[in-house]
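Structure assessment
Residues per chain, in single letters:
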Amino acid sequence: MKRLLLVVDYQNDFVDGSLGFPGAEKLEGPIAEKIAAYREAGDDVAFTLDTHHRDYLKTQEGRGLPVEHCIEGTPGHDLYGQIALLQRDTDTVFRKPSFGSAAFFERSRLSQRAADEVGKPPFASIEIVGLVSNICVLANAVLAKTACPEVPIIVDAACTASHDPALHEKVLDVMEGLQIQVINRI
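Below is a summary of the structure that appears in this document.

Conventions used here
Residues numbered from 1 in each chain as written. Predicted model: local features only at pLDDT ≥ 70, side-chain atom pairs only at ≥ 80, totals over all residues. Heavy atoms only, no water. Phe/Tyr/Trp six-rings, centres within 6.5 Å; stacked < 30°, edge-to-face > 60°. Helix = DSSP H or I, 4+ residues; strand = E, 2+ residues; numbered from the N terminus. Buried < 20%, exposed > 50% of the residue type's maximum accessible area, 1.4 Å probe, protein only. Contact = heavy atoms within 4.5 Å. Patch = residues over 30% accessible without salt bridge, like charges linked within 9 Å, V, L, I, M, F, W, Y side chains within 5 Å. Areas by Shrake-Rupley, 256 points an atom, 1.4 Å probe, with all protein chains shown as cover. Salt bridge = Lys/Arg side-chain N within 4 Å of Asp/Glu carboxyl O. Pairing = 2+ DSSP bridges. Axes fitted to C-alpha atoms, helices over the stretch in contact; angles between N-to-C directions. Core = buried A, V, L, I, M, F, W, Y, C linked by side-chain atoms within 4.5 Å. Expected span 1.5 Å × (residues − 1). Arc of directions from axis to C-beta. Polar contact = N/O pair within 3.5 Å; in protein donor to acceptor, adjacent residues only side chain to side chain.

Section: the packing of aromatic side chains
Overall, the coordinates contain 2 aromatic pairs when judged by the stated rule. Ring plane angle 90 degrees and centroid distance 5.7 Å describe the contact between Tyr10 and Tyr80, whose orientation is recorded as edge-to-face. On the criterion of sequence distance, the pair formed by Tyr10 in the loop between strand 1 (4–8) and helix 1 (12–15) and Tyr80 in the loop between helix 3 (60–64) and helix 4 (81–86) is long-range, its members being 70 residues apart. Residue classification places Tyr10 among the buried positions, given a relative accessible area of 0%. Measuring from centroid to centroid gives 5.7 Å for Phe94 and Phe104, while their planes differ by 70 degrees, and the two rings are edge-to-face.

So, the side chain of His52
Tracing the backbone through its elements, the reader meets His52 in the loop between strand 2 (44–50) and helix 3. With a relative accessible area of 5%, His52 lands in the buried category. Aside from chain neighbours lying at most four places away, what touches His52 is Glu61, His69, Cys70, Ile71, Glu72 and Pro97.

Re the side chain of His168
Tracing the sequence through the fold places His168 in helix 7 (residues 165–177). In contact with His168, other than residues within four places in its own chain, are Ser133, Ala157, Thr160, Ala161 and Ser162.

Topic: a nonpolar patch on the surface
Taken together, the side chains of Val142, Val174 and Leu178 define a hydrophobic patch exposed on the protein surface, amounting to about 210 Å² of accessible area. Its place among the elements puts Leu178 in the loop between helix 7 and strand 6 (181–183). Overall, the relative accessible area of 41% leaves Leu178 in the partly exposed class.

Quick look at the sheet that holds strand 2
What the 6 strands build is an open sheet, ordered 3-2-1-4-5-6; its pairing is parallel. The open sheet has two free edges, formed respectively by strand 3 (92–96) and strand 6, since each of these has just one partner strand. Strand-to-strand twist of the sheet, defined as the mean angle between neighbouring strand axes without regard to direction, takes the value 25 degrees. With 3 bridges connecting them, strand 5 (residues 153–161) and strand 6 associate as parallel partners. Its bridge partner being in strand 6, Val155 is matched across the sheet by Val182. Contacts from helix 5 (residues 102–118) reach strand 1, strand 3 and strand 4 (126–131) within the one sheet, and its direction differs from that of strand 3 by about 135 degrees.

Thoughts on the nonpolar core
In terms of nonpolar packing, the biggest core is built from 25 residues, with Ile126, Ile128, Ile153 and Met175 touching the most fellow members. Those elements that provide at least two residues to this core are strand 1, strand 4, helix 6 (133–147), strand 5 and helix 7. Here the element with the most residues in this core is helix 6; it accounts for 6 residues. Residues within four places of Ile126 in sequence aside, it is in contact with Leu4, Phe104, Ala144, Cys148, Val151, Pro152, Ile153 and Ile154.

A closer look at helix 6
Between its first and last C-alpha atoms helix 6 spans 20 Å; for 15 residues at 1.5 Å apiece the expected length is 21 Å, and the two agree. Along helix 6, the positions that sit buried rather than exposed are Ser133, Asn134, Cys136, Val137, Leu138, Asn140, Ala141, Ala144, Lys145 and Ala147. Where helix 6 is buried, its residues meet strand 1, strand 3, helix 5, strand 4, strand 5 and helix 7.

Overview of the pattern of salt bridges
With the rule as written, the count across this model stands at 11 salt bridges. A salt bridge links Arg95 to Glu72; the shortest N-O distance between them is 3.8 Å. One end of the pair, Arg95, is in strand 3; the other, Glu72, is in the loop between helix 3 and helix 4, and 23 residues separate them in sequence. Under the relative-accessibility criterion, Arg95 is labelled partly exposed at 48%.

Concerning helix 7
In this model helix 7 runs 19 Å from its N-terminal to its C-terminal C-alpha over 13 residues, within 8% of the 18 Å that 1.5 Å per residue would give. Looking at helix 7, one finds that the buried residues are His168, Val171, Leu172 and Met175. The arc enclosing the buried residues of helix 7, seen along the axis, measures out at 105 degrees, which places them on a common side. Along helix 7, the residues that are exposed and aim more than 90 degrees away from the buried face are Lys170 and Gly177. The opening residue of helix 7, the one whose side-chain oxygen lies 3.0 Å from the backbone nitrogen of Ala166, is Asp164. Trailing helix 7 by a residue or two, Gln179 shows a phi angle of about 65 degrees, which is positive.

These figures come from the coordinates and say nothing about function on their own.
Here it is, written out as structure tokens:
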């Protein structure tokens, strides 16, 4: 049974762009290694892209976080560095206008329903890496846990971060409380 790696929002604007922060660039190598390992094992890799438009500042999120970022068609929307080079045309890419991806949830839920018919889980595990730990990584981990309650959901602490290290640690605690496995935590 295949595993799924979900790379969340590892985009230019979150690494060294308008919402970038020191240390985000250090995740590039570990995430690239993880993508390579999943591919070598024949497992699936998918990506989310935070996707906004020029009217972002007029949206609810834009009023709460008034920093234009990940505007579709700009360099800030693109995947960062070597991660962009590792994304394949055959990979599923979920463009999302909010923190969690409704399309990822629906696809996972459909996979769960199909698996229920044959009496097995849809994935051996769903592992989540990327940015930002206390926002989009958390939201998508909760969606994965909701869509596939019997599938182990894993977040690699060495492959996610936040602009606020204390908040990062707190969100890892919250995810553990939600029975999401947090690995490689220092």
